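Notes for the structure review
Listed below are the residues making up each chain.
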Amino acid sequence: MSDQMRSLSHQLRLFGVHASFEKRAAQAAGQGLNHLEFLRLVLEDELLNRKERISKGLLTRAKFRSVADLEDWDQSYDRGLTKAKLRELSSTSFVESNENLLILGRTGEGKTHMAVAIGRRLCAENISTFFVPVNFLFEEVHAAKVAGKYLQYVKRLSQVRVLILDDFGLRNYTHDEATVLVDILEDRHKKGSVIVTSQADPKGWPKLFEDPLIAEAIVSRLEHPSQKLVLKGGNYREKLQTQLPSGKKIEKETMLN
């Protein structure tokens, strides 16, 4: 019977059932569960297995450049986020309401860490996410234009539920770059959320662009509707460095902005 179950579950691609049915059968026998209770357990295992496999694929496609998780966020001093706010971010409710998330702060205060941590949580919940530093975005756009695939590239970004734009506002943007941002944000409008990390206050964002009309369009699409997370507490990397023995390397969050 076990061999038949293995064969059938494999043929039906029920990999969660394939991995757990023997354990669940023993559990059912030991606890006196009926057939429906046993069936519920193996179907729950199958659902969890599928969710985990989807999550792994989304993590790969998200292109995160580091590993960070919300559980790793150091709350030993005030960094601008309460425990209640962290729980809210873990719930990913801002995505359900198609809100953008603006993560603001100075160098080293954890903007990229927070964006990646939220992005990884989204992937765990099977919400498609893509991470890209803004300067690298324009390099990818240039390559897509040269290959004649610009529209396909913009369309691919529009299909992602959450787009993370890291380090927005480090410099002024050319007219062509501003037009690209308008194209991307317009194509995503009301289809998903954008997470932006920036050292610059949103009030100063219009000055980053040559054309005031394009600037207004970009800033409006980023700010409305949006939540703002304003981080504080100083450079976290420096704080950790002072706590480590000489010669020790800083890992995880210390490599993030």
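Check the entry above for the structure.
Treat the numbers as computed from the prediction; the structure is a model and nothing was measured.

**Some words on the sheet that holds strand E2 (residues 129-133)**
Pairing in this open sheet of five strands is parallel, and the strands run E2-E3-E4-E1-E5 from one edge to the other. For this open sheet the edge positions go to E2 and strand E5 (226-230), each flanked by a neighbour on one side alone. Neighbour-to-neighbour, the strand axes of the sheet open up by a mean angle of 15°, direction not taken into account. Pairing of strand E1 (residues 100-104) with strand E4 (residues 193-198), which is carried by four bridges, proceeds in the parallel orientation. Looking at E4, one finds that Leu 104 is bridged to Ser 198. Packed on one face of the sheet, helix H6 (residues 111-124) meets E1, E2, strand E3 (162-168), E4 and E5 and runs near 160° to E4. Along the sheet, helix H7 (residues 134-146) contacts E2 and E3; its crossing angle with E2, the most-contacted strand, is approximately 100°.

**Notes on the nonpolar core**
Among the nonpolar cores identified, the biggest contains 34 residues, and Leu 137, Phe 168, Trp 205, Phe 209, Ile 218 and Leu 222 are the most heavily contacted of them. When contributions to this core are tallied by element, the ones reaching two or more residues are E1, E2, H7, helix H8 (150-159), E3, helix H9 (175-188), E4 and helix H10 (212-223). Considering each element in turn, this core owes the most residues, six residues, to H9. Setting aside its immediate chain neighbours within four residues, Leu 222 contacts Asn 100, Leu 102, Phe 168, Leu 185, Val 194, Val 196 and Trp 205. Core analysis: the second largest hydrophobic core is formed by 27 residues, Val 116, Ile 127, Ile 195 and Leu 231 among them.

**Quick word on the environment of Lys 63**
Its location among the elements puts Lys 63 in the loop between helix H3 (35-62) and helix H4 (83-90). Once you skip the residues sitting within four places of it in the chain, Lys 63 turns out to touch Phe 130 and Phe 131.

**A word on the pairing of E5**
Here E5 shows a clear split, with Gln 227 and Leu 229 buried on one side and none of Ser 226, Lys 228 and Val 230 buried on the other. As paired strands, E1 and E5 are joined by five bridges and run parallel to one another. Of the residues in E5, the one forming a bridge with Leu 102 is Lys 228.

**A closer look at the environment of Leu 89**
The residue Leu 89 is located in helix H4 in this model. Discounting chain neighbours no more than four positions away, the residues touching Leu 89 are Leu 70, Leu 101, Met 114, Ile 118 and Leu 229.

**Considerations on the packing of H8 against H9**
It is the contact of H8 with H9, at a shortest axis distance of 8 Å, that shows an interaxial angle of 45°. Between H8 and H9, the angle is such that the two are oblique. Handedness of the crossing formed by H8 with H9: right-handed. Taking contact as the criterion, the partners of Tyr 150, Val 154, Lys 155, Leu 157 and Ser 158 in H8 are, on H9, Val 180, Asp 183, Ile 184, Asp 187 and Arg 188. Grouping the amino acids of the contact of H8 with H9 by side-chain chemistry returns five nonpolar, one polar and four charged.

**With respect to the packing of aromatic side chains**
The description of two aromatic rings rests on the distance between their centres and on the angle between their planes. Applying the stated criterion across every chain yields a total of six aromatic pairs. For the pair Phe 64 and Phe 131, a centre-to-centre distance of 6.1 Å together with 55° between the ring planes defines the contact as tilted. Placement of the pair is Phe 64 in the loop between H3 and H4 and Phe 131 in strand E2, with a sequence separation of 67 residues. We note that Phe 64, like Phe 131, is buried. Residue placement shows Arg 65 over the ring face of Phe 136; its charged tip is 4.8 Å from the ring centre. It is Arg 79 that lies over the ring of Trp 73; its NZ or CZ is 3.8 Å from the centre.

**Here's the deal with the side chain of Glu 99**
Of note, Glu 99 is situated in the loop between helix H5 (93-96) and E1. For Glu 99, which is buried and forms no salt bridge, the nearest opposite charge comes from Lys 85, at a distance of 7.4 Å. Ignoring any residue separated from it by four or fewer positions in sequence, one finds Glu 99 in contact with Phe 94, Ser 193, Pro 225, Ser 226 and Gln 227.

**Topic: the pairing of E4**
Across the six residues that make up E4, a large majority, six, are buried. What you see with E4 is no split at all: Ser 193, Ile 195 and Thr 197 on one side and Val 194, Val 196 and Ser 198 on the other are buried throughout. The pairing of E3 with E4 spans five bridges and is classified as parallel. Residue Ile 164 lies in a different strand from E4, and its bridge partner there is Ile 195.

How each quantity is defined
Residues numbered from 1 in each chain as written. Predicted model: local features only at pLDDT ≥ 70, side-chain atom pairs only at ≥ 80, totals over all residues. Heavy atoms only, no water. Pairing = 2+ DSSP bridges. Helix = DSSP H or I, 4+ residues; strand = E, 2+ residues; numbered from the N terminus. Axes fitted to C-alpha atoms, helices over the stretch in contact; angles between N-to-C directions. Contact = heavy atoms within 4.5 Å. Core = buried A, V, L, I, M, F, W, Y, C linked by side-chain atoms within 4.5 Å. Buried < 20%, exposed > 50% of the residue type's maximum accessible area, 1.4 Å probe, protein only. Parallel < 35°, antiparallel > 145°, perpendicular 65-115°, else oblique. Left-handed = near helix turned anticlockwise from the far one by under 90°. Nonpolar A, V, L, I, M, F, W, Y, C, P; charged D, E, K, R; others polar. Phe/Tyr/Trp six-rings, centres within 6.5 Å; stacked < 30°, edge-to-face > 60°. Lys NZ or Arg CZ within 6 Å of the ring centre and 35° of its normal. Lys, Arg positive; Asp, Glu negative; His and termini not counted. Salt bridge = Lys/Arg side-chain N within 4 Å of Asp/Glu carboxyl O.

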